[in-house]
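Notes for the structure review
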Protein chains: 2
Amino acid sequence: MNITIKDVAKAANVSVATVSRVLNNKSNVSEEAVQAVNRAVEELGYSPNFLGRDLRKSETKRILAIIGSTEQSFYSDVLRGMQDAAFVDGYDILIATTRNDPEHEMHLLGMLFSRAVDGVVLLAPKLDSKTISDLSKRYRIAICLERLDISDILCVTIDNERAGFDATSYLIGKGRRRIGLITTEVRSQSSVDRENGYMRALKAANIPFDPDLVYYGDYDADTGTRGCEALMSLPNRPDAIFSISDTISIGAMTYAVQHGITVGKDLLFFGFDNIAYSHMFIPRLSTVEQPCYLQGKTVIEKLIANMKTDEPDKSTYMLPHSLILRESTGD
Amino acid sequence: MNITIKDVAKAANVSVATVSRVLNNKSNVSEEAVQAVNRAVEELGYSPNFLGRDLRKSETKRILAIIGSTEQSFYSDVLRGMQDAAFVDGYDILIATTRNDPEHEMHLLGMLFSRAVDGVVLLAPKLDSKTISDLSKRYRIAICLERLDISDILCVTIDNERAGFDATSYLIGKGRRRIGLITTEVRSQSSVDRENGYMRALKAANIPFDPDLVYYGDYDADTGTRGCEALMSLPNRPDAIFSISDTISIGAMTYAVQHGITVGKDLLFFGFDNIAYSHMFIPRLSTVEQPCYLQGKTVIEKLIANMKTDEPDKSTYMLPHSLILRESTGD
DNA sequence: TTGCCTATTGAAAACGTTTAACTTTTATAG
DNA sequence: CTATAAAAGTTAAACGTTTTCAATAGGCAA
């Protein structure tokens, strides 16, 4: 049924070895043979079976990007960066989603263990760091958009603590003293880091930390809306709110706008990620911008480099972030 | 270096055949052997090489979803549906992005030709329909979120013509007579269908079609902003705008809001897709909702069914859409 | 004891490639 | 012409599985 290299060889009147050489444009093959093989390939509509090839070479030239979901649109820039870097070395990037389930994340890592891909990039992993760290000893794994507290694995991310500090400090610089924080219940390293940055900024400005000003929720807009409602119901209202994601901020601003609170004056907002909608939603949101494309590009470059050596690079790279100032902070 | 089934066999003092049988929990193997093999697997940290397995079985249990980019967040629901359906039959869904480049789309289809995956779902393909149709004769391909004008390939989509008709008719029902259309330059079938629906609705209401009221652009918010600006600069302004995507609508509304046009009164907006932000952006956007999850689930179910038979189903399935009415149409 | 059946097991072929090792052909120099 | 090197081509092994087929062992009836 299926056309194999043997059929091509027969049709071209050469051996399979010669066909293989032509297909991989190796030297040591006459122009004549090249022609014959190409003609046969064309005629038969042959395309080589990668399973055979990959098995023989023990290499697939594919890298798997494992991601919670594709919902966060800003991942798409990261993926573009990954693709561009992969292309240079002839790799393809495949994506698989875990639905934020650690068990499914492990299942997908199975593609690495079973050699269906050469390497894996975990984008904001859900598995615990010990597990990941252990795995990375035997397999080519890198982390992107997060770092691990155990730092013996290749990570490409930003300095989230510093970013949290910068955003909060900016609000303080605007004369704000009661700064709310909306963050996630689930303790991802990046969330924790951003919160720590928030705390450090308060401390640096001699503002006492008030746990009432912190609202824990999900990663979505609804959390923002509820968080804003909760914070604004406090006897002592905040005058600014820092959220660990733009989506949350937009949800929060929606609440403010609908309740006649003047955003950018009565209440300042600072988001995180600079998603596309953050400059379309009015008032426009001030936010921390991550170098998404660059993080993706970098992590693949480093990972591919690691695949070529026995002395893998296990550093954590922190790429520079920046503050984008818009109407939500009165700019 | 790598642990193979042979090493396990040696450690368990059985043959590779027995190990294989245990691993695939076949019958005909003694409890004793099962124990020994499992122990050896555990000790050695063995996991089977899928390349060998897949080659032998000529089956990978993987389906590739090819997509322009993950930026459109509403794809994530489609993918969830695909995953859920795939899981039932033990398949994994892999995703790859084309950056909307037909050439790269073809490159990714190579994974199908070369048997690295068992089937492919094209989400809104960029390749011309003739090419796709030809390919589908030899390989297991399905289309989702689009249909092909050549209808000899499995498609799961909605009735975009009807949806365009419904949205436009709704605006007409609100007493509007000058209805703008913002659509895409690139002639995807779904865009064309939606436009045709728009035209048919006008005709049904005896409203003459005015080509000045159609703005062609990209698929993004910027297009909406520019489109709205262009349409509102006409001597004879529109009183409603239908866009073929929510992202465009939101961009358009941004322009309106910023130029003191009262959305939902002076100007009505109707979008398409019901993306998450469409109910967060104020005023909230009326839109056509596609059954994303269901389309994803259905296409995989049908595709897997096709993989099991020699008489593949080549139908086009149109799943029901619905109108979501919000403030942007004065509801 | 013998023969037969069943339950386990193992040896080896097969999947489709690439590539090392070897052979044949062709070209080049003397 | 011959000797030799380079070029072109072939054969067969190898990659890691699954699976067919044959073989062995044990149980049981006759």
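Above this text is the structure in question.
Cut-offs used in this document
Residues numbered from 1 in each chain as written. Chains lettered and ligands numbered in written order. Predicted model: local features only at pLDDT ≥ 70, side-chain atom pairs only at ≥ 80, totals over all residues. Contact = placed C-beta atoms within 7 Å. Helix = DSSP H or I, 4+ residues; strand = E, 2+ residues; numbered from the N terminus. Pairing = 2+ DSSP bridges. Axes fitted to C-alpha atoms, helices over the stretch in contact; angles between N-to-C directions. Near = placed C-beta within 6 Å. Nonpolar A, V, L, I, M, F, W, Y, C, P; charged D, E, K, R; others polar. Least-squares fit on C-alpha atoms with pLDDT ≥ 70 in both. Buried ≥ 20, exposed ≤ 12 C-beta atoms within 10 Å, placed from the backbone. Arc of directions from axis to C-beta. Right-handed = clockwise from strand over helix to strand, strands pointing away. Parallel < 35°, antiparallel > 145°, perpendicular 65-115°, else oblique. Left-handed = near helix turned anticlockwise from the far one by under 90°. Core = buried A, V, L, I, M, F, W, Y, C linked by C-beta atoms within 7 Å. Expected span 1.5 Å × (residues − 1).

Topic: the interface of chain A and chain B
Chain A puts 35 residues into the contact, and the matching count from chain B is 34 residues. Elements that contribute at least two residues to the side of chain A that touches chain B include exactly helix H4 (50-57), helix H5 (75-88), strand E2 (92-97) and helix H11 (246-258) of chain A.

Thoughts on the sheet that holds strand E6 (residues 179-184) of chain B
All names here are of chain B. The strand order across the open sheet formed by six strands is E7-E6-E8-E9-E10-E12, and the pairing between neighbours is mixed. Looking at which strands have only one partner, the edges of the open sheet turn out to be strand E7 (214-217) and strand E12 (322-324). Each strand of the sheet is rotated relative to its neighbour by a mean of 20°, with strand direction disregarded. Bridge analysis of E6 against E7 gives four bridges, and the strand direction is parallel. Paired with Leu181 across the bridge in E7 is Val214. Docked against the sheet, helix H11 (residues 246-258) engages E6, strand E8 (240-243), strand E9 (268-272) and strand E10 (286-289), running at close to 155° with respect to E9.

As for the protein's contact with DNA strand D
Around DNA strand D sit 29 residues, and of these Ala17 of chain A together with Ile5, Ser20, Asn49 and Gly52 of chain B come closest. Counting residues per element, the ones that place at least two in the surface near DNA strand D are helix H2 (16-23), helix H3 (31-44) and H4 of chain A together with helix H2 (16-23) and helix H4 (50-57) of chain B. Grouping the constituent residues of the surface near DNA strand D by class yields 12 nonpolar, 11 polar and six charged.

Things to note about the environment of Ala142 of chain B
Residue and element names in this part refer to chain B. On the secondary structure map, Ala142 appears in strand E4 (residues 141-144). The spacing of Ala142 and Val121 is 21 residues in sequence and 4.8 Å in space, taken between C-alpha atoms. Apart from residues lying up to four places away in sequence, Ala142 is in contact with Val121, Leu154, Val299, Lys302 and Leu303.

Examining the protein's contact with DNA strand C
For DNA strand C, the set of nearby residues contains 29 residues, the closest of which are Ile5, Ala17, Ser20, Asn49 and Gly52 of chain A. For the surface near DNA strand C, the secondary-structure elements that each account for two or more residues are H2 and H4 of chain A together with H2, helix H3 (31-44) and H4 of chain B. Across the surface near DNA strand C, the residue classes tally to 12 nonpolar, 11 polar and six charged.

Considerations on unusual backbone geometry
All names here are of chain A. Residue Pro283 is bonded to the preceding Ile282 through a cis peptide linkage, with omega at 0°. As for its position among the elements, Pro283 is in the loop between strand E9 (268-272) and strand E10 (286-289). Backbone geometry places Asp273, a non-glycine residue, at a positive phi of 115°. Secondary-structure assignment places Asp273 in the loop between E9 and E10.

Section: the sheet that holds strand E8 (residues 240-243) of chain A
Residue and element names in this part refer to chain A. Pairing is mixed across the open sheet formed by six strands, whose spatial order is E7-E6-E8-E9-E10-E12. In this open sheet, the two strands that pair with only one neighbour each are strand E7 (214-217) and strand E12 (322-324). Going from strand to strand, the sheet's axes swing by 20° on average, the running direction of each strand aside. Sheet topology places E9 next to E10; three bridges connect them, and they run parallel. Directly across from Phe270, in E10, lies its bridge partner Ser286. In the packing of helix H9 (residues 189-204) onto the sheet, contacts are made with strand E6 (179-184), E8 and E9, and the angle to E6 comes to roughly 170°.

Thoughts on the relation of the copies chain A and chain B
If you rotate chain A by 180° and push it 0.1 Å along the axis, it lands on chain B with an RMSD of 0.1 Å. Both copies are brought into coincidence by an operation consistent with a two-fold rotation axis. No C-alpha of chain A approaches the rotation axis more nearly than that of Ile95 of chain A, which lies at 2.4 Å.

Considerations on helix H1 (residues 5-12) of chain B
All names here are of chain B. Along H1, the positions that sit buried rather than exposed are Ile5, Val8 and Ala12. Buried residues of H1, seen end-on, are gathered within an arc of 60° and therefore sit on one face of the element. Buried-residue contacts for H1 involve H2 and H3.

Some words on the pairing of strand E2 (residues 92-97) of chain B
Consecutive side chains along a regular strand alternate between the two faces of the sheet. All names here are of chain B. Of all the six residues making up E2, six are buried; the element is thus mostly covered by neighbouring parts of the structure. Both faces of E2 are covered, namely the face carrying Asp92, Leu94 and Ala96 and the face carrying Ile93, Ile95 and Thr97. Strand direction decides the pairing type here: strand E1 (residues 62-67) and E2, joined by six bridges, are parallel. Paired with Ile63 across the bridge in E2 is Ile93. The parallel pair E1 and E2 is bridged by helix H5 (residues 75-88), and the resulting crossover is right-handed.

Things to note about the packing of helix H10 (residues 221-232) of chain A against H11 of chain A
Residues and elements named next belong to chain A. Direction vectors running N to C along H10 and H11 enclose 45°, while the axes themselves pass 6 Å from each other. Taken together, the axes of H10 and H11 are oblique relative to one another. The handedness of the crossing between H10 and H11 comes out as right-handed. For the pair H10 and H11, contact is made by Ala221, Asp222, Thr223, Gly224, Thr225, Gly227, Cys228 and Glu229 and by Thr247, Ile248, Ser249, Ile250, Gly251, Ala252, Thr254, Tyr255 and Ala256, respectively. For the contact of H10 with H11, a count of residues per class yields seven nonpolar, eight polar and two charged.

Focus: the packing of H2 of chain A against H3 of chain A
Residues and elements named next belong to chain A. For the pair H2 and H3, the least separation of the axes is 10 Å and the interaxial angle reads 90°. Taken together, the axis directions place H2 and H3 in an arrangement best described as roughly perpendicular. Together, Thr18, Val19 and Val22 of H2 and Ala33, Val34, Val37 and Asn38 of H3 make up the contact between the two elements. For the contact of H2 with H3, the class distribution of residues is five nonpolar, two polar and no charged.

Looking at the pairing of E10 of chain A
Alignment of E10 of chain A against E12 of chain A, held across three bridges, turns out to be antiparallel. Residue pairing in the sheet places Val288 of chain A in a bridge with Leu323 of chain A of E12 of chain A.

Here's the deal with the nonpolar core
Ranked by internal contacts, the top residues of the largest apolar core, which has 171 residues, are Ala65 of chain A together with Ala65 of chain B. Ignoring anything within four residues of it in the chain, the contact list for Ala65 of chain A reads Leu79, Met82, Ile93, Leu94, Ile95, Val121 and Leu123 of chain A.

Side note on helix H6 (residues 102-113) of chain A
Taking 1.5 Å per residue, 12 residues should reach 16 Å; H6 of chain A reaches 16 Å between its end C-alpha atoms and fits that length. Backbone geometry just after H6 of chain A places Arg115 of chain A at a positive phi near 65°.

Some remarks on the environment of Asn206 of chain B
Residue and element names in this part refer to chain B. Structurally, the position occupied by Asn206 is in the loop between helix H9 (189-204) and E7. The exposure class assigned to Asn206 is exposed, which follows from the 8 C-beta atoms found within 10 Å. In the structure, Asn206 is positioned 29 residues away from Arg177 in sequence and 9.6 Å away in space, judged by C-alpha atoms.

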